[in-house]
Amino acid sequence: MEKEKVVKTVFEEVTRTIDKNSGEVFDIQHKTIKKLERDKFAMVYLKDISGIIGLNSKGEFKTLLALVARIAYDTNEVRIMLDVKEQIAKETELSLNSIDKAVVNLTAKKILLRKMSSLGKEMRGVYILNPKYFFKGEDLERAKIIQIVLQYELKGEGNLDKW
């Protein structure tokens, strides 16, 4: 049985600006602060975002956002199987073909990295979202994953879309 986490409102504030002469309320501002679990967020690293500025289509952008919402905590792993593609298609109103093309393009741009098994074989449908651009999890884990990516690059394999 899975427990659902409850979002708690920590602070609420309503500010009204009132004209003291007429008593007219002419501005109302609402401020609410809510406490959420850290695993509900993915971070975007703007310093390195130039690598994805070259997104060529709305399909790539929509697919990327849908994948960011699905990355696993502390691993940045995302599984892109048919059922996930169908969910993304429904959410984004893209065709399965458009999603497939976007995945190919995002992989070519090194935004998505193919995950390799410990035997060096490609894990079908399993990717890592490049932690230089996005990460969901603890900063220490991001550093470890970036180090793995860099080690792979330094080994001279030259094919960062598979690791």
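The model shown is predicted, which means the values in this text are computed figures rather than measured ones.

Rules and cut-offs
- Residues numbered from 1 in each chain as written.
- Predicted model: local features only at pLDDT ≥ 70, side-chain atom pairs only at ≥ 80, totals over all residues.
- Heavy atoms only, no water.
- Patch = residues over 30% accessible without salt bridge, like charges linked within 9 Å, V, L, I, M, F, W, Y side chains within 5 Å.
- Areas by Shrake-Rupley, 256 points an atom, 1.4 Å probe, with all protein chains shown as cover.
- Salt bridge = Lys/Arg side-chain N within 4 Å of Asp/Glu carboxyl O.
- Helix = DSSP H or I, 4+ residues; strand = E, 2+ residues; numbered from the N terminus.
- Buried < 20%, exposed > 50% of the residue type's maximum accessible area, 1.4 Å probe, protein only.
- Arc of directions from axis to C-beta.
- Contact = heavy atoms within 4.5 Å.
- Expected span 1.5 Å × (residues − 1).
- Pairing = 2+ DSSP bridges.
- Axes fitted to C-alpha atoms, helices over the stretch in contact; angles between N-to-C directions.
- Parallel < 35°, antiparallel > 145°, perpendicular 65-115°, else oblique.
- Left-handed = near helix turned anticlockwise from the far one by under 90°.
- Nonpolar A, V, L, I, M, F, W, Y, C, P; charged D, E, K, R; others polar.

Caption draft 1: Examining a nonpolar patch on the surface more closely. A cluster of nonpolar residues, Val14, Ile18, Val25 and Ile28, forms a patch on the protein surface that exposes about 320 Å² of accessible area. Those elements that provide at least two residues to the nonpolar patch are strand 1 (8–18) and strand 2 (25–35). Secondary-structure assignment places Val14 in strand 1.

Caption draft 2: Summary view of the environment of Leu64. Relative to the helices and strands, Leu64 is located in helix 1 (residues 58–68). Considered as a pair, Leu64 and Ala102 are 38 residues apart in the sequence and their alpha carbons are 8.1 Å apart.

Caption draft 3: Quick look at helix 2 (residues 82–92). If you check which residues of helix 2 are buried, you get Val84, Lys85, Ile88, Ala89 and Thr92. Taken end-on, helix 2 shows its buried residues confined to a sector of 140°, consistent with a single buried face. Exposed side of helix 2, more than 90 degrees from the buried face: Leu82, Lys90 and Glu91 are the residues found there. Its buried side turned inward, helix 2 meets helix 1, strand 4 (77–79) and helix 3 (96–108). At the exit of helix 2 stands Glu93, carrying a positive phi of roughly 60°.

Caption draft 4: Inspection of helix 3 at higher detail. Helix length check: helix 3 (13 residues) gives 18 Å between terminal C-alpha atoms against 18 Å at 1.5 Å per residue, within 8%. Among the structural elements, helix 1, helix 2, strand 5 (112–116) and strand 6 (122–129) are those in contact with the buried residues of helix 3. Residue Lys110 follows helix 3 closely and has a positive phi angle near 65°.

Caption draft 5: Molecular detail of the pattern of salt bridges. Considering all chains together, one arrives at 6 salt bridges under this definition. A salt bridge links Glu91 to Arg70; the nearest nitrogen and oxygen atoms lie 2.5 Å apart. Here Glu91 is found in helix 2, whereas its partner Arg70 is found in the loop between helix 1 and strand 4, with 21 residues between them in sequence. Overall, Glu91 belongs to the exposed group, its relative accessible area being 52%. Arg70 sits in the partly exposed class, given a relative accessible area of 22%. Among the salt bridges present, the one from Lys85 reaches Asp100, with a minimum N-O distance of 2.7 Å. Highlighted residues: Lys85 in helix 2 and Asp100 in helix 3, separated in sequence by 15 residues. Beyond isolated ion pairs, a larger network of salt bridges with shared partners links Glu77, Arg79 and Lys115.

Caption draft 6: Inspection of the sheet that holds strand 4 at higher detail. Strand order in this open sheet of 3 strands is 4-6-5, and the pairing throughout is antiparallel. At either margin of the open sheet sits one strand with a lone partner, and together these are strand 4 and strand 5. When the angles between neighbouring strand axes are averaged without regard to direction, this sheet yields 45°. Looking at chain direction, strand 5 and strand 6 are connected through 4 bridges and run antiparallel. Across the sheet, Arg114 pairs through a bridge with Tyr127, a residue of strand 6. Packed onto the sheet, helix 3 meets strand 5 and strand 6 and runs at close to 85° relative to strand 5.

Caption draft 7: Structural view of the packing of helix 2 against helix 3. At a closest axis distance of 9 Å, the pairing of helix 2 and helix 3 adopts a crossing angle of 110°. Classified by the angle between their axes, helix 2 and helix 3 sit roughly perpendicular to one another. In this structure, helix 2 meets helix 3 at a crossing whose hand is right-handed. Counting all contacts with helix 2, which are made through Leu82, Lys85, Glu86, Ile88 and Ala89, the residues of helix 3 involved are Leu96, Ile99 and Asp100. Its residues placed into classes, the contact of helix 2 with helix 3 shows 5 nonpolar, no polar and 3 charged.

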